[in-house]
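Notes for the structure review
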Amino acid sequence: MLNMMKSLKDKLSKTKSGFIDKIAEVVSVRGVFDEETYEEIEEILIRNDTGFEMAEQIIERLKKELKTDRIKSVEVVRIYLADVMQDILFKDMQEDDDFFSLPEEIKPYVIAFVGVNGTGKTTTIGKIAHRFAKAGKKVLIVAGDTFRAAAIDQVAIWAERAGVDILRSEPERDPASVIYDGVAKAVAKSYDVVLIDTAGRQHTKDRLMKELAKIDRSIKKACPEAPHETVLVVDSTTGQNAISQALHFNEAIKLNSIALTKFDGTAKGGIIFNIKQNLQIPVRLLGVGEGIDDIENFHAVRFVKAFFDKGDTEA
Ligand SMILES: Nc1nc2c(ncn2[C@@H]2O[C@H](COP(=O)(O)OP(=O)(O)OP(=O)(O)O)[C@@H](O)[C@H]2O)c(=O)[nH]1
Ligand SMILES: [Mg+2]
């Protein structure tokens, strides 16, 4: 656990320097907590994709907290800000939420991955497959991105790395029918988990959104209660657009959770607060690198700790 904490902290270092360190800088340069300082902090929050309303909410709470105390050091602000943000993220959330712990009675547990182009769907599936395989689960990846031959090869490489089975087809077959075959196979052969890869698609393209609804129907034909989880994979560097992606995808196929990828590469961590403010869909996974182990359950407390910790002490 300590090791994991440390690595998460390291991986968030870029995000921190674009966000928390800037706030600390403002506070130490200005030295006082006047309106202007608060405005500058608010601006940093907004620039980091927190969203206007969320930034206002954070500032308001910070003002309230700080007023009672009148302490004006950077360290104290760091602590208060961490508290306020943790509170906001933690609200209505189960801290022990574990994506990788599946209900025993559901077999196969079918998880579909959707999202716009290049967000990290295939990579995320590879990482998740590896986790489940390590836990002794019988995993089937379904190569439902039949659009490009290269996409099928890419997901096949991940299946091999993770040591799990894959159902693949010839390129350009109808994705809904390939996915039907995959889920039907998993039902027949008693797989524990099915991970369905889908082609990246723009949320504004009606035809592609309809295709997603068709995919959903064909999954249900093979397994009526499935998909048990539909994950929207969002690139954390996308900014505000993430919200509109989620709303559009959620209309085509009911989303259960969000995997926020490339969190290691963004200097703008605020999107996580923005999602909390604007969507009813929880972030359950964080992608923090390109390697097979670079995936984490999202825990508000751990996340905020990693985010705010100064680096020299163990979180
Ligand atoms: N740094 C970093 N890179 C990531 C992460 N997740 C994915 N990537 C990279 O993002 C790029 C796109 O990843 P893919 O998994 O191919 O994305 P995709 O959503 O399947 O793409 P399409 O199928 O084309 O829509 C690859 O270069 C991945 O290595 C992450 O958490 N961190
Ligand atoms: Mg892909």
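Residues numbered from 1 in each chain as written. Chains lettered and ligands numbered in written order. Predicted model: local features only at pLDDT ≥ 70, side-chain atom pairs only at ≥ 80, totals over all residues.

1. What about the site of ligand 1?
To be explicit about the condition: Nearness between a residue and a molecule or strand is assessed with a C-beta atom placed from the backbone; a distance within 6 Å qualifies. Helical segments are the DSSP runs of H or I of at least four residues, strand segments are the runs of E of at least two, and each set is numbered from the N terminus. Three classes are used: nonpolar for Ala, Val, Leu, Ile, Met, Phe, Trp, Tyr, Cys and Pro, charged for Asp, Glu, Lys and Arg, and polar for all others, with Gly counted as polar.
Within the structure, ligand 1 sits among 22 residues, and G120, T122, T123, G200 and G287 are positioned closest to it. Ranked by residue count, the leading element in the shell around ligand 1 is helix α7 (residues 121-134), at three residues. Here the residues of the shell around ligand 1 sort into four nonpolar, 12 polar and six charged.

2. A word on the domain arrangement of the chain
We apply this condition: Domain borders in the structure are assigned automatically or taken from a domain database. Think of it this way: build a C-beta for each residue from its backbone, and any pair within 7 Å is a contact.
For the chain, the assigned domains read domain 1 (2-90) and domain 2 (109-298). A separation of 33 Å is found between the C-alpha centroids of domain 1 and domain 2. Contact with domain 1, which involves 18 residues of that partner, is made by 20 residues of domain 2. Listing elements by their share of the side of domain 1 that touches domain 2, those giving two or more residues are α1 (2-11), α2 (13-18), α5 (52-69) and α6 (74-90). Looking at which element gives the most residues to the side of domain 1 that touches domain 2, the answer is α2, with four residues.

3. Topic: unusual backbone geometry
Put simply, the test is: Working definition of burial: number of other C-beta atoms within 10 Å of the residue's own, with buried at 20 or more, exposed at 12 or fewer, and partly exposed in between, all C-beta atoms being placed from the backbone.
In this structure, P108 follows K107 across a cis peptide bond, with omega equal to -5°. With an omega dihedral of -5°, the bond running from A226 to P227 counts as a cis peptide bond. Relative to the elements of secondary structure, P227 occurs in the loop between α10 (206-222) and β5 (229-235). Positive phi outside glycine occurs at D49, with the angle close to 70°. Tracing the chain through its elements places D49 in the loop between α4 (35-47) and α5. Located in the positive-phi region is E172, a residue other than glycine, with phi close to 70°. Within the secondary structure layout, E172 lies in the loop between β3 (165-167) and α9 (175-188). Taking the number of C-beta atoms within 10 Å as the measure of exposure, E172 has 10 and is therefore exposed.

4. As for the environment of N117
On the secondary structure map, N117 appears in the loop between β1 (109-114) and α7. Here the alpha-carbon distance between N117 and R47, two residues 70 residues apart in the chain, equals 24 Å.

5. Here we look at α4
Condition: By definition here, a helix of n residues has an expected span of 1.5 Å times n minus one. Note: the arc covers the axis-to-C-beta directions of the helix.
In this model, α4 (13 residues) spans 18 Å end to end at C-alpha, consistent with the 18 Å of a helix rising 1.5 Å per residue. Within α4, the full set of buried residues consists of I41, I44 and L45. One face of α4 carries all of its buried residues, which in axial projection span an arc of 100°. Of the exposed residues in α4, the ones pointing more than 90 degrees away from its buried face are E35, E36 and E39. D49 sits one or two positions beyond α4 and adopts a positive phi of about 70°.

6. Details of the packing of α9 against α10
The description of two packed helices rests on the angle between their axes and on the distance between the axes. Cut-off, in case you're wondering: Axis angles are defined between N-to-C directions and span 0 to 180 degrees, where every axis is a line fitted to C-alpha atoms and, for a helix, only to the segment in contact. An angle counts as roughly parallel when it lies under 35 degrees, as roughly antiparallel when it exceeds 145, as roughly perpendicular when it falls between 65 and 115, and as oblique in every other case. Two helices crossing with the near one rotated counterclockwise from the far one by less than a right angle form a left-handed crossing, whereas a clockwise rotation gives a right-handed crossing.
α10 packs onto α9 with a crossing angle of 25° between their chain directions and a minimal axis gap of 8 Å. For the element pair α9 / α10, the angle class is roughly parallel. As α9 runs across α10, the sense of the crossing is right-handed. Judged by residue contacts, P175, A176, S177, I179, Y180, V183, A184 and V187 of α9 engage E211, K214, I215, S218, I219, K221 and A222 from α10. Grouping the amino acids of the contact of α9 with α10 by side-chain chemistry returns 10 nonpolar, two polar and three charged.

7. A word on the packing of α7 against helix α8 (residues 149-162)
Running from N to C, α7 and α8 point in directions that differ by 20°, and their axes come no closer than 8 Å. The orientation of α7 relative to α8 falls into the category roughly parallel. Seen along the crossing, α7 lies across α8 with a hand that is right-handed. Between α7 and α8, the contacting residues are T122, I125, G126, A129, H130 and A133 on the first element and Q154, V155, W158, A159, R161 and A162 on the second. For the contact of α7 with α8, the class distribution of residues is seven nonpolar, four polar and one charged.

8. What about helix α3 (residues 20-30)?
Taken together, the buried positions of α3 are occupied by I20, I23 and V27. Along α3, the residues classed as buried sweep out an arc of 65° about the axis, all on the same side. Those residues of α3 that are exposed and angled more than 90 degrees off the buried face are S28 and V29. Looking at the buried residues of α3, the elements they touch are α2, α4, α6 and α13 (300-308). A positive phi of about 75° marks G31, the residue just after α3.

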